[in-house]
Amino acid sequence: MSHNVVVVKDEADIQPVGIAALSAMASDFIPETLNPTAYFSQEQDRILAASALAYPGETVFLEFTPDTSGVFPYICTYSGHFTMMQGRIHVEE
Ligand SMILES: [Cu+2]
């Protein structure tokens, strides 16, 4: 099974990004930046960083440099995983 790591801006962004990703198979489950519909561009604005998909046996790296302190949720957006595969990055000054 494949997985990725997607850092979102806020707790409230987890569900909309996870749901938008369900129909973003063509872009490796990341809602596309250039999609002309407002729905997808709004979801893209909720994403701070995203890794490539890691296929079974692969390792991917994601570098994320926050510009403020805070708590940043991260999720896997592969087909519905966001409901269980998630965590929080705590950034302190
Ligand atoms: Cu996953």
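Here the structure is a predicted model, which means the values were calculated and not measured.

## Section: the sheet that holds strand E3 (residues 70–75)
Strands sit in the order E2-E1-E3-E4 across an open sheet of 4 strands; the sheet is antiparallel. The open sheet has two edge strands, strand E2 (47–50) and strand E4 (86–91), and neither has a second partner. If you compare each strand with its neighbour and ignore which way they point, the axes differ by 25° on average.

## Considerations on unusual backbone geometry
The backbone of aspartate 28 shows a phi angle near 55°, a positive value even though the residue is not glycine. You can see aspartate 28 is positioned in the loop between helix H1 (14–22) and helix H2 (38–45). Residue aspartate 28 is classed as partly exposed on the basis of its 16 C-beta neighbours within 10 Å. You will see that phenylalanine 29, though not glycine, has its phi angle at about 70°, which is positive. With respect to the helices and strands, phenylalanine 29 occurs in the loop between H1 and H2.

## Concerning the nonpolar core
In this structure, Val6, Val17 and Ile75 are the most contacted members of the largest nonpolar core, which totals 16 residues. Looking at this core, the elements that each hand over two or more residues are strand E1 (6–8), H1, E2 and E3.

## Comments concerning the pairing of E3
Here E1 runs beside E3; their pairing, made up of 2 bridges, is antiparallel. By the bridge assignment for E3, valine 7 is matched with tyrosine 74. Bridge count between E3 and E4: 6 bridges; the pairing is antiparallel. Across the sheet, isoleucine 75 pairs through a bridge with glutamine 86, a residue of E4.

Rules used in this analysis
- Residues numbered from 1 in each chain as written.
- Predicted model: local features only at pLDDT ≥ 70, side-chain atom pairs only at ≥ 80, totals over all residues.
- Pairing = 2+ DSSP bridges.
- Helix = DSSP H or I, 4+ residues; strand = E, 2+ residues; numbered from the N terminus.
- Axes fitted to C-alpha atoms, helices over the stretch in contact; angles between N-to-C directions.
- Buried ≥ 20, exposed ≤ 12 C-beta atoms within 10 Å, placed from the backbone.
- Core = buried A, V, L, I, M, F, W, Y, C linked by C-beta atoms within 7 Å.

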